[in-house]
Amino acid sequence: MRRRRIPRTLLAIGALGIVALLTALILLAGDRPGGSGMRTEEVAPQAQVTSAYGHLEEFQALADEHGDRAAGTSGHEAAAEYVEGQLARAGYETTRQYFTVETWDEEEIETFTILAETKGGNDDNVIMLGAHLDGVPGSPAINDNASGAAALLEVARRLAQQGSVENTVRFAWWGAEEYRGFPGSSHYVEQLDEDDELETIAAYLNFDMVASPNAVVALYDARDDDSRLNVPEGSMDLMEVFTDYFDSRDQPWITTSWNYESDQVAFAETDIPVAGLFSGSNERKSSREARLFGGEGGAPRDPNYHQPGDDLDNVDPDTLDLMTDAITHAATRLAQDGGTQGSSALDSGAQD
Ligand code: DTR
Ligand code: ZN
Ligand code: ZN
């Protein structure tokens, strides 16, 4: 039987109509009310990777292809698509929060932070975890900070597998940490403030450089008495969530001063309790630290900090695993912490 032929011009008009309709729907669905620059992206399917080190290998492969992961470059975009694909596989919806930033060459670029959160849970008591995804130009930027980005991806996967949470856990892969003023996290906190949502964030945990080759295991020092620094009340309780974990594993730890060093700053300045882990950059490891953690006293904790040599051959996979387990512990514990019992880590936090 012969099928009835539809004239070509009609087919073309029909196809154009469908494309226009779909475009309008995508635009409508993607823009969050309030115009805070949030967009939901289409995510390409990917095979699921189930370890932080596996993610690092992917970030290295992308850096080999694109050169680096500096904010606003094809390398950053490719890494972002990888993060979004992995999160989709783990059951998360992702959004991008766009913002503009001035590069070191005084060029204005648009870049973004990736956000994802657990389904269910109390939205008024959000536990937030972040790591910057961008790197410095000209470096694969694997320890700084594919390591934090990779650890967070694996923690997000594990948390989704564990099932329901009492508090919402929100993850951020910040854009443009390497530019002045940490514009990704600063923009996010400003936006929270504008939307009157600062009060909803109970805690912020930051992970920047967690696989250094000559590593220490350091926590942001909540007892820091540097007068330029605001250490929000509740930060000590968050630090103890990590120290309890390390102590339970007989894992030595030290503290580090974290003033003005990474994406926790905007949170701390608005009095949100903060904590974080760090395995060292180009500072020298002391002989005491070498006794505690092994490695080479007198040598930099990461000799390739911000250099082309910050690659997969120059990280410590065991430190990455340890940090990933510690972050998993903290996220799991804080996700279930209703803030009602005496032992609650959130009791003295922002929600009182
Ligand atoms: N500024 C960060 C690395 C960094 C150096 N010291 C600390 C202390 C705490 C957190 C991070 C850092 C960067 O280059 O991304
Ligand atoms: Zn850096
Ligand atoms: Zn960094």
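The shown structure was predicted, so the numbers you read here are calculated from the model rather than taken from an experiment.

The environment of ligand 1 is formed by 13 residues, the closest being Glu177, Asp208, Glu261, Tyr305 and His306. Glu177 places a polar side-chain atom, nitrogen or oxygen, 2.9 Å from an oxygen atom of ligand 1. Measuring from a nitrogen atom of ligand 1, one finds a backbone N or O atom of Glu261 at 2.9 Å. Within the complex, the protein chains bury 93% of what would otherwise be the 370 Å² of accessible surface of ligand 1. Classifying every residue of the shell around ligand 1 by side-chain character gives four nonpolar, four polar and five charged.

What follows deals with unusual backbone geometry. Between Asp144 and the following residue, Asn145, the backbone shows a cis peptide bond with an omega angle of 10°. Along the polypeptide, Asn145 turns up in helix H4 (residues 142-162). Even without being a glycine, Ala141 presents a positive backbone phi close to 55°. Looking at the element boundaries, Ala141 is found in the loop between strand E4 (122-132) and H4. The exposure class of Ala141 is buried, given its relative accessible area of 1%.

Moving on: the confidence of the model for the protein. Summing up the model confidence of the protein, the mean pLDDT is 88 and the portion of residues at 70 or higher is 86%. Low confidence marks residues 1-35, where pLDDT is under 50. Its contacts with residues over four positions away, or in another chain, come to eight contacts. Overall, residues 348-352 carries pLDDT values under 50, and its contacts beyond four positions in sequence, including any with other chains, amount to 18 contacts.

Take the packing of H4 against helix H9 (residues 317-335) next. Packing of H4 against H9 leaves a shortest axis separation of 9 Å and a crossing angle of 45°. When the interaxial angle is binned, H4 and H9 end up oblique. Viewed along their axes, H4 and H9 form a crossing whose handedness is right-handed. Between H4 and H9, the contacting residues are Ser147, Ala151, Glu154, Val155, Arg158, Leu159 and Gln162 on the first element and Leu320, Thr324, Asp325, Ile327, Thr328, Ala331 and Thr332 on the second.

Judged by nonpolar contacts, the single largest core of 68 residues is most densely connected at Phe59, Leu129, Phe171, Trp173, Phe242, Phe246 and Leu277. Examining the composition of this core, we find that ten residues originate from one element, H4, more than from any other. Setting aside anything within four residues of it in sequence, one finds Phe171 in contact with Tyr92, Ile114, Leu115, Ala116, Leu129, Leu152, Val155, Ala156 and Leu159. The next biggest cluster of nonpolar side chains, apart from the first, holds 22 residues, and it includes Val126, Leu192, Leu198 and Tyr220.

What counts, and where the lines are drawn
- Residues numbered from 1 in each chain as written.
- Chains lettered and ligands numbered in written order.
- Predicted model: local features only at pLDDT ≥ 70, side-chain atom pairs only at ≥ 80, totals over all residues.
- Heavy atoms only, no water.
- Near = heavy atom within 4 Å.
- Polar contact = N/O pair within 3.5 Å; in protein donor to acceptor, adjacent residues only side chain to side chain.
- Areas by Shrake-Rupley, 256 points an atom, 1.4 Å probe, with all protein chains shown as cover.
- Nonpolar A, V, L, I, M, F, W, Y, C, P; charged D, E, K, R; others polar.
- Helix = DSSP H or I, 4+ residues; strand = E, 2+ residues; numbered from the N terminus.
- Buried < 20%, exposed > 50% of the residue type's maximum accessible area, 1.4 Å probe, protein only.
- pLDDT = per-residue confidence, 0-100.
- Contact = heavy atoms within 4.5 Å.
- Axes fitted to C-alpha atoms, helices over the stretch in contact; angles between N-to-C directions.
- Parallel < 35°, antiparallel > 145°, perpendicular 65-115°, else oblique.
- Left-handed = near helix turned anticlockwise from the far one by under 90°.
- Core = buried A, V, L, I, M, F, W, Y, C linked by side-chain atoms within 4.5 Å.

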